[in-house]
Amino acid sequence: MEKCTSIDKYINSQLFNTEQLEEIKVGFNHNIDVSKYAIPTLSYKQMEQGRIALEHGADISKYLNLDPDILEQVRLAAEDRSNVSLDEFLTGRFNADQLEQIRIGKKHWINVYEYAIPIFDAKQMREIRLGLEKEINVNIYSYHGYSWRSMREIRLGIEEGLDIFRYMSPEFNHEQMHEIRIGLKQNLDIYKYAYKSFSAEQMYEIRLALEDNLDVDLLAKGRYNAKQMREIRLGLLDGVNVNLYLSQKLSWLQMYIIRNLLLDGYDVSDFL
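Scope of this entry: the structure provided in the associated data block. (Residues numbered from 1 in each chain as written. Predicted model: local features only at pLDDT ≥ 70, side-chain atom pairs only at ≥ 80, totals over all residues. Heavy atoms only, no water.)

Side note on the nonpolar core
For soluble globular proteins, the rule of thumb is that nonpolar side chains tend to be buried together. Of all hydrophobic cores here, the largest spans 77 residues; its most connected members are Ile24, Ile102, Tyr115, Ile180, Ile206 and Tyr245. With residues up to four places along the chain from it excluded, the contact list for Ile206 reads Lys192, Tyr193, Phe198, Val216, Leu219, Ala220 and Met229. (Core = buried A, V, L, I, M, F, W, Y, C linked by side-chain atoms within 4.5 Å. Buried < 20%, exposed > 50% of the residue type's maximum accessible area, 1.4 Å probe, protein only. Contact = heavy atoms within 4.5 Å.)

Below, the structure is given as structure tokens:
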């Protein structure tokens, strides 16, 4: 009877909206001390985080005024049995996603101060954290203005034992880095395409040609766009006479038509 009376106290106060009252009711049903979070000025999302924490044996009541997303990270840290604390990082300089990476790093006992710096976004933090977990020298890619995707390509290259210095130049974007990294991983002659003048799409076509032991010079030295390169590469794979459509004046679509006509045994002289 006391339990119902207590619930009625919150209902009858008319200080709580429907969503807030639902959090209080759930707390009563789970036999937790709802007074820790049954505060009218809190949003129901803040109350929810306080309730869940209590259900897991943690008390985050002194943090309940924080943004709900940040509060969630505080709750997860408080629930962790390895005594993870985010207190020193609750300065307003980090968003919830950044705090998540700091929390995970502390949970894994790595030096989070290597990346707990506001200039890094959460995805950059993640790449640095993953590198630290693999005991990589993250300074190679952490302070050079790389995007998180470029950081990822460099980190993967280090993990794979590749010569990352062949592609970690800031002149390459992450897509170009990816094509060079894959080429290194496959022991291809990356010097056929590892130049900033080639787009990632062009690099991709040349890399595929290298994988198939085709004459890549036909693609790489003709100033073709990626779609034209594709038609030449496919022609080499098909075994047709690609010399008949190597003119740069031909669009990729014209090359496509000629290639398919050649495949079907037609005379293409009228198209040239």
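Alright, that's what it looks like, and here's the rest.
Notes on the side chain of Arg259
Turning to its location among the elements, Arg259 is positioned in helix 13 (residues 252–263). Polar contacts involving the side chain of Arg259 include one to the side chain of Glu231, which spans 2.7 Å. In this view, Arg259 contacts Glu231, Leu234, Gly235, Asp238, Val240 and Tyr245; residues no more than four positions away in its chain are not counted. (Helix = DSSP H or I, 4+ residues; strand = E, 2+ residues; numbered from the N terminus. Polar contact = N/O pair within 3.5 Å; in protein donor to acceptor, adjacent residues only side chain to side chain.)

Section: a negative patch on the surface
On the surface, Asp67, Asp69, Glu72 and Asp97 cluster together into a negatively charged patch. Looking at where Asp97 falls in the secondary structure, it is placed in helix 5 (residues 96–107). Classification of Asp97 by relative accessible area gives partly exposed; the value is 48%. (Patch = residues over 30% accessible without salt bridge, like charges linked within 9 Å, V, L, I, M, F, W, Y side chains within 5 Å. Areas by Shrake-Rupley, 256 points an atom, 1.4 Å probe, with all protein chains shown as cover. Salt bridge = Lys/Arg side-chain N within 4 Å of Asp/Glu carboxyl O. Lys, Arg positive; Asp, Glu negative; His and termini not counted. Charge placed at Lys NZ, Arg CZ, Asp CG, Glu CD.)

Considering the packing of helix 12 (residues 226–238) against helix 13
Running from N to C, helix 12 and helix 13 point in directions that differ by 10 degrees, and their axes come no closer than 8 Å. It follows that helix 12 is roughly parallel to helix 13 by the angle criterion. Where helix 12 approaches helix 13, its residues Lys227, Gln228, Glu231, Ile232, Leu234, Gly235 and Asp238 are matched on the opposing element by Trp252, Met255, Tyr256, Arg259 and Leu263. Residues that form the contact of helix 12 with helix 13 fall into these classes: six nonpolar, two polar and four charged. (Axes fitted to C-alpha atoms, helices over the stretch in contact; angles between N-to-C directions. Parallel < 35°, antiparallel > 145°, perpendicular 65-115°, else oblique. Nonpolar A, V, L, I, M, F, W, Y, C, P; charged D, E, K, R; others polar.)

A word on the side chain of Glu127
Tracing the chain through its elements places Glu127 in helix 6 (residues 122–133). With sequence-adjacent residues up to four places away left out, Glu127 is seen in contact with Tyr141, Trp148, Met151, Arg152 and Arg155.

Brief notes about helix 3 (residues 44–55)
The end-to-end C-alpha distance of helix 3 is 16 Å, a good match for the 16 Å that 12 residues give at a rise of 1.5 Å each. On its buried face, helix 3 sits against helix 2 (18–29) and helix 4 (68–79). (Expected span 1.5 Å × (residues − 1).)

Considerations on the pattern of salt bridges
If you walk through the whole model with that rule in mind, you get 22 salt bridges. Note that Glu127 and Arg155 form a salt bridge whose closest N and O atoms lie 2.7 Å from each other. Taken as a pair, Glu127 in helix 6 and Arg155 in helix 8 (residues 148–159) lie far apart in primary sequence, 28 residues in all. Assessed through its relative accessible area of 0%, Glu127 is described here as buried. For Glu153, the salt bridge identified is with Arg152, shortest N-O distance 3.8 Å. Each member of the salt-bridge network shares a partner with another, and the members are Arg152, Glu153, Glu160, Arg181 and Lys185.

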